[in-house]
Amino acid sequence: MESLERDPLVVLCDVARLVRTLADARAREHGMTRALWMILVRLDRQPGMSQNELATLIEVEPITVGRLVDRLEARGMVERRPDPTDRRIWRLHLKPDARPMLKEIAKARAELNGIMIADVPQKDLQVAVDCLLQMKANVSDTRANKKTA
């Protein structure tokens, strides 16, 4: 039996936890949380998402997203707009005041990537990313197959 230090699942979870801890600290430096940052980044990439869609992406309950969006709305970074076809749904959009924070998030992301990949040869990094993408596809396929079964 392989030791836990070399178990891919354990190592992946450890790296993810450590990176989340560092990201939490960076977000706190700006009076934010990692969850708030995730919302801003997701809305920057995909404007007009509903709170339910966003909750699914960031893996929290819709009520939690609602509270987080309330906080971002109070800071002038996000606005809710009515859905043109369904009056029960609010679409989320970034406001211009979110731009400076998105720049800080990009800086923190670059910094965290730099920390994570320090001393990893470029060729090894490419192989590692390819492996991680394959693992992601494997797990995604498994989830999709269970949903249809």
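In short, a report on the structure. (Residues numbered from 1 in each chain as written. Predicted model: local features only at pLDDT ≥ 70, side-chain atom pairs only at ≥ 80, totals over all residues. Heavy atoms only, no water.)

Within a sheet, neighbouring strands are paired by backbone hydrogen bonds and run either parallel or antiparallel to one another. Within the open sheet, the 3 strands sit side by side as E1-E3-E2. Their pairing is antiparallel. The sheet is open, and its two edges are formed by strand E1 (49-50) and strand E2 (78-82), each paired on a single side. In this sheet, strand E3 (residues 90-94) lies alongside E2 in antiparallel orientation, the contact comprising 5 bridges. Note that in E3 the partner of Pro82 across the bridge is Trp90. Sheet strands touched by helix H4 (residues 62-74): E2 and E3. Its angle to E2, the strand with the most contacts, is close to 115°. (Pairing = 2+ DSSP bridges. Helix = DSSP H or I, 4+ residues; strand = E, 2+ residues; numbered from the N terminus. Contact = heavy atoms within 4.5 Å. Axes fitted to C-alpha atoms, helices over the stretch in contact; angles between N-to-C directions.)

Moving on to the nonpolar core. Within the largest apolar cluster, 24 residues are counted, with the highest numbers of intra-cluster contacts made by Met32, Leu40, Leu72, Met77 and Val78. For this core, the secondary structure elements donating two or more residues are helix H2 (34-45), helix H3 (51-58), H4, E3 and helix H5 (99-117). Looking at which element gives the most residues to this core, the answer is H2, with 5 residues. (Core = buried A, V, L, I, M, F, W, Y, C linked by side-chain atoms within 4.5 Å. Buried < 20%, exposed > 50% of the residue type's maximum accessible area, 1.4 Å probe, protein only.)

Here we come to H4. In a regular helix each residue adds 1.5 Å, so 13 residues correspond to 18 Å; H4 covers 18 Å between its end C-alpha atoms and thus fits that length. Listing the buried residues of H4 in full gives Val65, Gly66, Leu68, Val69 and Leu72. Once H4 finishes, Gly76 follows within two positions and takes phi at roughly 75°, a positive value. (Expected span 1.5 Å × (residues − 1).)

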